[in-house]
Amino acid sequence: MSVLSGARIFDGERFLDDHVVVIEGARIAAIVPHTDRPHGEVHDLGGGLLAPGYIDVQVNGGGGILFNDDPTPEGIAQIAAAHRKYGTVGLLPTLVTDTPQVMAAAIAATREARQRTPATLGIHLEGPFLDPLRKGAHELGYIRDLEPSDIATIAEANCGAVILTLAPNRVGAADIAKLAQHGVLISLGHSNASYAEACTAVKAGARAFTHLFNAMSAPAGREPGMVGAALDLDEAFVGIIADGHHVHEANLRIAFAAKRHDRFMLITDAMPPAAGGPDQFNLQGRRVTRADGYLRLEDGTLAGSVLTMDEAVRYAVNDVRLDLADALAMASRIPATFLRRDMELGRIAPGYLASLVHLGDDLRVLETWIEGRPNADGC
C-alpha cells in the first residue's frame, strides 16, 4: 500500500482538498480525508494537483520516432516513454495512410506492445480510406478504397481499442456498420463529405470526428458540412488539436459553446519532433520541418504537430479560457469514455487503475504513475 498526500485532487469531475489517494498494487483502493489516512508508505507530493493521467488517442510519434517508420513494440515503447514525461499515461500509436503491409506490421506490433507497455491502449489507423480532396499530409499514392479483406484485418486486430479514421463519402454505411459491430471505433475525417453523408455514417455506427476543423468540409449557410455535423450530433465525440496553430482559439470557444462538454477530447497528433525529437524528419520520403512551433511539408501543408498533452491542457486553460476541470476531463475522462475504458481510466476512484499525473501550479508535469508504478519504474 502507498498513500499519495499533500496535493489537491481532481477526481475526474470535482476537486478535493485535504484528501489522500490510497494505492494498492495497480489500482486505487480509496480516497479519504487526510485525517483518516491509513498506515502505509506515505508520499508527500508537496502541493500541486493530482489528476487522472492524460490519454491521447492520436499519437503519430514522439522523441524522434515515427510509428510508420518503426512499427515495432520497441518503437511504441519509445514513443510512450517520450510522451509520458508530459503527462500521457495511455495512448494509441497512430499510423498515417500507408501500405497494407505496414498496416499489418503496425497492428502486430501494437498487439505485442500491449503485453509489454501498459501505456499502449490500442491503435489508431488514420487512413488509408480517405478523401484525396482533403488528404492533408497523407500520401496520395497510398489512399485507396476499403476492401473486404481490410474489414477482416481491422476487425480481427485484437490489440485493444482500434480507431479507424475514414472518409464517409468514400466508405459506405454498410461497411461502417460492419466495422462498428466488431467494436472498431470509427472516426470521420480527411473528407469533403456533406452534412448528410456525415450524419448517415454516424447513424451507421461512427462515433467521432478526427481533429475537428482540420481536413474536413467547413460550414456554409446552406451546407453545414462535416464541422457542422460534428457540432450538431449530440453523441459524437470530437478530437481537437489545441496548439494555437491548427485551430483559431475563437473557433475552439465557439465549438465548446455549441456542443455538450463531455464529448471533446484533446489530442496531440504528435510527430517525431514532439516530446524531445529533432526539428526535421522524413514522412514517406517528404521532408517535414518544425518552425515557429508547428510542422510543415515543403509545400506548406501542416503535417501533424509538436504538441504534448500538458501543453494542450495549458493552452485550453490559458488561451481558450476553458475551466480547468473541463480541460483536465478532455485530456483524461472523456477519451477514456470514447475508448470504452471509462470503468478503469480517467478518474481517481476506488477500483480504477492508478494511472495518474501530478501537476505543479503552472500545470506542468511533476510526476506520473501508470498502473501504480511511478515514472522512475518506466512505462
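Residues numbered from 1 in each chain as written. Predicted model: local features only at pLDDT ≥ 70, side-chain atom pairs only at ≥ 80, totals over all residues. Heavy atoms only, no water.

A. Structural detail: the packing of aromatic side chains. Counted by the stated rule, this structure contains three aromatic pairs. Geometrically, the ring pair formed by F237 and F338 is tilted, given 5.3 Å between the ring centres and 50° between the ring planes. Taken as a pair, F237 in strand 16 (residues 237-241) and F338 in helix 10 (residues 333-338) lie far apart in primary sequence, 101 residues in all. It is R263 that lies over the ring of F237; its NZ or CZ is 4.3 Å from the centre. (Phe/Tyr/Trp six-rings, centres within 6.5 Å; stacked < 30°, edge-to-face > 60°. Helix = DSSP H or I, 4+ residues; strand = E, 2+ residues; numbered from the N terminus. Lys NZ or Arg CZ within 6 Å of the ring centre and 35° of its normal.)

B. Quick look at the nonpolar core. Grouped together as the largest cluster of nonpolar side chains are 100 residues, with contacts concentrated most on I154, L164, I186, L188, F209, L212 and L339. Residues contacting L339, with those up to four places away along its chain left out, are I55, V57, L92, L121, A161, I163 and L185. Among the nonpolar cores identified, the runner-up in size contains 15 residues, and L16, I23, L45 and L356 belong to it. (Core = buried A, V, L, I, M, F, W, Y, C linked by side-chain atoms within 4.5 Å. Buried < 20%, exposed > 50% of the residue type's maximum accessible area, 1.4 Å probe, protein only. Contact = heavy atoms within 4.5 Å.)

C. Looking closely at the layout of surface pockets. Within this model, the largest pocket holds a volume of roughly 260 Å³. Lining the largest pocket are 21 residues, and of these A137, H190, D269, L302 and G304 lie nearest its centre. Split by residue class, the lining of the largest pocket holds eight nonpolar, 10 polar and three charged. Here the second largest pocket is characterised by a volume of approximately 160 Å³. Looking at the second largest pocket, it is lined by 15 residues, and the ones nearest its centre are G160, A161, V162, G183 and V184. Only helix 3 (148-155) and strand 13 (161-166) provide two or more residues apiece to the lining of the second largest pocket. Of the residues in the lining of the second largest pocket, the class split is nine nonpolar, four polar and two charged. (1 Å grid on protein atoms, 1.4 Å probe; cavity = no way out; pocket = protein on both sides within 12 Å on 5 of 7 lines; lining within 4 Å. Points joined across faces, edges and corners; volume = space filled by probe spheres on them. Nonpolar A, V, L, I, M, F, W, Y, C, P; charged D, E, K, R; others polar.)

D. The pattern of salt bridges, seen in detail. Across all of its chains, the model carries 20 salt bridges by this definition. Between E112 and R116 there is a salt bridge whose closest N-O contact spans 2.2 Å. Taken as a pair, E112 and R116 lie in helix 2 (residues 100-116) at a separation of four residues, close to a single helical turn. Among the residues examined, E112 registers a relative accessible area of 37% and is labelled partly exposed. Here K178 and D175 are joined by a salt bridge, their closest N and O atoms 3.9 Å apart. Of the two residues, K178 and D175 both sit in helix 4 (residues 173-181), three residues apart, roughly one turn of that helix. Exposure remark for K178: the relative accessible area of 43% places this residue in the partly exposed category. Taking the relative accessible area as the measure of exposure, D175 reaches 22% and is therefore partly exposed. (Salt bridge = Lys/Arg side-chain N within 4 Å of Asp/Glu carboxyl O.)

Any link to function would need more than the numbers given here.
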